[in-house]
Amino acid sequence: LGVGVMASYLCYDERTDETNLLLNPPGTRIGPSYFPDGMIGGPNRWERSLRLSAFATYSGFKGHNLRVGAGHDDLDLYKTRTYKNFLVAPSGLPVPTGPVQEYSDIQPAISPQQRQNNYLYAQDEWNVVQDWTLTAGVRHDNYSDFGGTTNPRLALVWDTSLDLTTKLLWSKAFRAPAFAEAYAINPAQSGNPDIKPERLSSREIAFNWQARKDTQVNLNLFRYDMDDIIRVVANPTPGTGNTWQNTGSQRGTGGELEAVWDHSHALRVTGNYAYQRAVDQTSNQDAGYGPQSHIYMRADWRFASGWQASLQGNRVLNRERAAGDSREPVPDYNSVDLTLRTNLGKHWELAGSVRNLFDARIIEPTLPNTVPTDLPQAGRSWYLQAMYKL
């Protein structure tokens, strides 16, 4: 019999009251509204969260390993302040109001909110027969603002041979809307209190093969179904921004092949290739944004006593735009990182690294109605880390 408890407390604040944000440049005109100084907004929020959980395990029944648990999450957006130079009319159009001033009481970017979630789960790892293990679990969550949800999980593991393990997995999952997706008042992305949680169902088959004493090969194939996807959708009236909505379904399939080769005690080489294809069921086209192919390579070399060099590379390919997004295609990219690490005596460890060694241009795609210019990632950057072990 084993038991455990965990507690965590987090305080978070985000403030823009001194600088505010320029939402649209000076001279912006939205319908009949004209903003000579631009649209300016300054959302500020203070949030705290308390999480408590406990579990118990029991292995006294032959062939079974039981685990049960419970938890309580308290998410409290307890204070907000809003500074801006406009108000959002009932039609959704932003109306200029002159100089920037506080609108926390009249029309905050988001009002204080509190969400509590209580959950229970149970799991049994059952050795059905020799070489076959079935793990069955179920979890129930009860959200104070979105109600309850029950999500099961099954995993069947077969020790196919001395050097091969086969796994079959099936699960369902659930994501409650964030506070901003449900309650925000924003001229660009308004919250929707009627929004529903996202739902996900996934199936996987995995193979773990010890091909040789020094080589391991893993293959994973998957399929998933997403429903009630939460995205921003343009409002019917032009110029009134977007609103978070549940926007249909998405189906995805893919796989990943990984190999790990321990050439010697001093050198390990790892590589994997991942492929995925996601289709939006509304347009029957690629869902976009995620790479269809991803290649990763890494080498770790202990070249002297206490010294280790690590070199890794990423190649990201074929990130398509979603249906209706007419922007230029997202460029592929290659990135290389180099790290050198050493031990200085018994207590000190020193590491230096260069990320994006060759200063590749890396762009992460965004939704066109959020950040239309995409998000550029960091160029070549240098890091130095020192760690002291007591």
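Treat the numbers as computed from the prediction; the structure is a model and nothing was measured. (Residues numbered from 1 in each chain as written. Predicted model: local features only at pLDDT ≥ 70, side-chain atom pairs only at ≥ 80, totals over all residues. Heavy atoms only, no water.)

(A) Structural context of the sheet that holds strand β15 (residues 230-234). In spatial order, the strands read β12-β16-β15; together these 3 strands make up an open sheet with mixed pairing. Looking at which strands have only one partner, the edges of the open sheet turn out to be β12 (189-190) and β15. In this sheet, strand β16 (residues 242-246) lies alongside β15 in antiparallel orientation, the contact comprising 5 bridges. Within β16, the residue paired with I230 across the bridge is N246. (Pairing = 2+ DSSP bridges. Helix = DSSP H or I, 4+ residues; strand = E, 2+ residues; numbered from the N terminus.)

(B) Here's a closer look at the nonpolar core. Listed in full, the 8 residues of the largest apolar core are Y143, F146, A176, A182, I195, I230, V232 and W244. If we ignore the near neighbours within four places in the chain, the residues touching W244 are A180, E181, Q189, S190, G191, N192, I195, I230, R231 and V232. (Core = buried A, V, L, I, M, F, W, Y, C linked by side-chain atoms within 4.5 Å. Buried < 20%, exposed > 50% of the residue type's maximum accessible area, 1.4 Å probe, protein only. Contact = heavy atoms within 4.5 Å.)

(C) Representation of the environment of A109 within the structure. Relative to the helices and strands, A109 resides in the loop between β7 (94-102) and β8 (113-129). With 64 residues separating them along the chain, A109 and R45 place their C-alpha atoms 9.4 Å apart. Residues within four places of A109 in sequence aside, it is in contact with P43, T82, Y183, A184 and I185.

(D) Representation of the pattern of salt bridges within the structure. Taken as a whole and judged by the stated rule, the model has 25 salt bridges. The shortest N-O distance in the salt bridge between R15 and D13 comes to 3.0 Å. Owing to a relative accessible area of 54%, R15 belongs among the exposed residues under this scheme. D13 gets classed as partly exposed once you look at its relative accessible area, which sits at 36%. For R251, the salt bridge identified is with D227, shortest N-O distance 3.4 Å. Of this pair, R251 sits in strand β17 (residues 249-262) while D227 sits in strand β14 (residues 215-227); the two residues are 24 residues apart in sequence, bridging distant segments of the chain. Residue R251 is classed as partly exposed on the basis of its relative accessible area of 21%. Judged by its relative accessible area of 18%, D227 is buried. Beyond isolated ion pairs, a larger network of salt bridges with shared partners links R203, R223, D225, D227 and R251. (Salt bridge = Lys/Arg side-chain N within 4 Å of Asp/Glu carboxyl O.)

(E) Main features of the layout of surface pockets. Roughly 910 Å³ of internal volume is contained in the largest pocket. Along its surface, the largest pocket is lined by 41 residues, and L23, N186, P187, A188 and Q189 are the ones closest to its centre. Mapped onto the lining of the largest pocket, the elements with two or more residues apiece are β2 (21-24), β5 (39-58), β6 (64-88), α1 (179-183) and β16. When grouped by side-chain class, the residues that make up the lining of the largest pocket number 20 nonpolar, 16 polar and 5 charged. Empty space within the second largest pocket amounts to approximately 370 Å³. Lining the second largest pocket are 17 residues, and of these R231, D280, Y289, A322 and A323 sit closest to its centre. Here the element with the most residues in the lining of the second largest pocket is β15; it accounts for 3 residues. A per-class count over the lining of the second largest pocket returns 8 nonpolar, 5 polar and 4 charged. (1 Å grid on protein atoms, 1.4 Å probe; cavity = no way out; pocket = protein on both sides within 12 Å on 5 of 7 lines; lining within 4 Å. Points joined across faces, edges and corners; volume = space filled by probe spheres on them. Nonpolar A, V, L, I, M, F, W, Y, C, P; charged D, E, K, R; others polar.)

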